Amino acid sequence: MAGISYHILQPPLDPSFRQWYPYFDPENEEFSSPAWARWMPRTATDDLPGLRHRFVAARDEDTGQWVGGVWGCVSETVPELVHFGWFLVEEAYRGRGIGSAIVQRFIDAYEAEGAEMIMLPTQVKNERAHGMYLRRGWRDAIVQPEGMQSCFMVRAPQGHYERFFHVPADAAVTLGPVEYRDYIALDYLLNRPQVASRLYPAGLLGRRRFVSMLFDWGQGEVFVARLNERPVGVGMVKAGREGIWVDVYSLSEAVMTSLLEASRREEAGPLVARVCPDDAAKVRAFEAAGFAGLELSMERHLDRELELQTFRA
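A brief structural summary. Since this is a predicted model, take the numbers as computed values, not measurements.

Looking now at the sheet that holds strand S14 (residues 271-275). The strand order across the open sheet built from seven strands is S8-S11-S12-S13-S14-S16-S15, with neighbouring strands paired in mixed fashion. Edge positions in the open sheet fall to strand S8 (174-177) and strand S15 (292-301), since each of these has one partner strand only. Pairs of neighbouring strands in the sheet enclose a mean axial angle of 30°, with direction left out of account. One ladder, built from eight bridges, connects S15 with strand S16 (residues 304-312); its direction is antiparallel. Bridge pairing in S16 places alanine 292 opposite arginine 312.

A word on helix H4 (residues 127-135). The set of residues buried in H4 consists of Ala129, His130, Gly131, Met132 and Tyr133. Immediately beyond the C-terminal end of H4, within one or two residues, lies glycine 137, with a positive phi of roughly 100°.

Another aspect to go through is the packing of aromatic side chains. Here the structure, examined in full by the defined rule, presents 29 aromatic pairs. Here the aromatic rings of phenylalanine 286 and phenylalanine 291 are separated by 5.0 Å at their centres, their planes lie at 85°, and the arrangement is edge-to-face. A relative accessible area of 5% means that phenylalanine 291 is categorised as buried. A connected cluster of aromatic rings, assembled from ring pairs, spans Phe17, Trp20, Tyr21, Tyr23, Phe24, Phe55, Trp66, Trp71 and Trp86. Over the ring of tryptophan 66 we find arginine 59, and its NZ or CZ is 4.6 Å from the ring centre. Note that arginine 105 overlies the ring of tyrosine 6, its terminal NZ or CZ placed 4.0 Å from the centroid.

Further remarks concern the packing of helix H7 (residues 253-262) against helix H8 (residues 280-288). Running from N to C, H7 and H8 point in directions that differ by 40°, and their axes come no closer than 8 Å. Viewed along their axes, H7 and H8 adopt a mutual orientation that is oblique. H7 and H8 meet at a crossing whose hand is right-handed. Taking contact as the criterion, the partners of Glu253, Met256, Thr257, Leu260 and Glu261 in H7 are, on H8, Ala281, Lys282, Arg284, Ala285, Phe286 and Ala288. The class makeup of the residues in the contact of H7 with H8 is six nonpolar, one polar and four charged.

Take the sheet that holds strand S6 (residues 139-143) next. As summarised here, the arrangement of the seven strands in space is S1-S2-S3-S4-S5-S7-S6, forming an open sheet in which the pairing is mixed. Two strands close off the open sheet at either side, each with one partner strand: strand S1 (4-9) and S6. Taken pair by pair, the neighbouring strands of this sheet meet at an average axis angle of 25°, ignoring direction. Bridging between strand S5 (residues 117-123) and strand S7 (residues 150-155) involves six bridges; their strand directions are antiparallel. Residue pairing in the sheet places threonine 122 in a bridge with cysteine 151 of S7. The strands touched by H4 within the sheet are strand S4 (81-89), S5, S6 and S7, with S5 carrying the most contacts at an inclination of about 160°. In this fold helix H6 (residues 183-190) packs onto strand S2 (51-60), strand S3 (65-75), S4, S5, S6 and S7, with an angle of close to 90° to the strand it touches most, S4.

Moving on, we get to the state of the cysteines. All told, the structure shown has zero disulfides when counted by the stated rule. Cysteine cysteine 73 remains unbridged, with the sulfur of cysteine 151 as its closest cysteine sulfur at 20 Å. Among the residues examined, cysteine 73 registers a relative accessible area of 0% and is labelled buried.

Time to look at H8. Listed as buried for H8 are Lys282, Val283, Ala285 and Phe286. An end-on view of H8 places all buried positions within 160° of arc, on one side of the element. A positive phi of about 90° marks glycine 290, the residue just after H8.

About the thresholds
Residues numbered from 1 in each chain as written. Predicted model: local features only at pLDDT ≥ 70, side-chain atom pairs only at ≥ 80, totals over all residues. Heavy atoms only, no water. Pairing = 2+ DSSP bridges. Helix = DSSP H or I, 4+ residues; strand = E, 2+ residues; numbered from the N terminus. Axes fitted to C-alpha atoms, helices over the stretch in contact; angles between N-to-C directions. Buried < 20%, exposed > 50% of the residue type's maximum accessible area, 1.4 Å probe, protein only. Phe/Tyr/Trp six-rings, centres within 6.5 Å; stacked < 30°, edge-to-face > 60°. Lys NZ or Arg CZ within 6 Å of the ring centre and 35° of its normal. Parallel < 35°, antiparallel > 145°, perpendicular 65-115°, else oblique. Left-handed = near helix turned anticlockwise from the far one by under 90°. Contact = heavy atoms within 4.5 Å. Nonpolar A, V, L, I, M, F, W, Y, C, P; charged D, E, K, R; others polar. Disulfide = S-S within 2.5 Å. Arc of directions from axis to C-beta.

Below, the structure written as structure tokens:
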């Protein structure tokens, strides 16, 4: 489009872009959560160990004003995974193809560097944006129920998720604390509604969306299983009224068992977990790690009743 130029920006960012981009504005009430306030300023300086940030932006050359932009982030250890977010076009410039051009330039730039998967959060009720993403190959991974309508979308080849998180039986997996470099892979891992409970102490149940970089990891101890630096499983230990809540998630039953064995805190009190009984792999992992299954209970989460099996160790 005549008069509109497109730019790929990397930290340190152009001061005029920083001043314009509303997601950097601490007075923006829509984005005033403490987690957001900690996160956003650091994306402008790459001040998050193991992560690299980029912005694709549009500028009106007649006025010199920025009129649209989107943020992208990759981990240095898994650069084939990309997080896309905070996309906007100024209202006066919408309907002119600028948003589509920004998105396509984003895709082209990352795929030229080997990106295989791009994920993004949006809302189903934003029909223009949601439809644009669908037309460009994104598919809904998790959609929250009616009345919330937040969704998480993934653009990747068929079967990529299962291949990426596959753990061979003889693989040497290492365990360690969560790090910034893990966050994008954890978002990808945890945004699949294949089981009703994915990380119970964090409230990840059913169709609830998860964005790990904005999640308050300070509420508990989080540890990650890695295969050649690639996160393939995550566990969480959190103090609760009934004891120490624990849960794990991985596509590998053996990895979940290892994470559960690493979760034991003998001095902290009894370990308690709740698992959907139809998640057979996780149930077997708990049993292999020495947890005993106790009573079943029904709990309401979002829009439905969920059956949960209590385990203790």
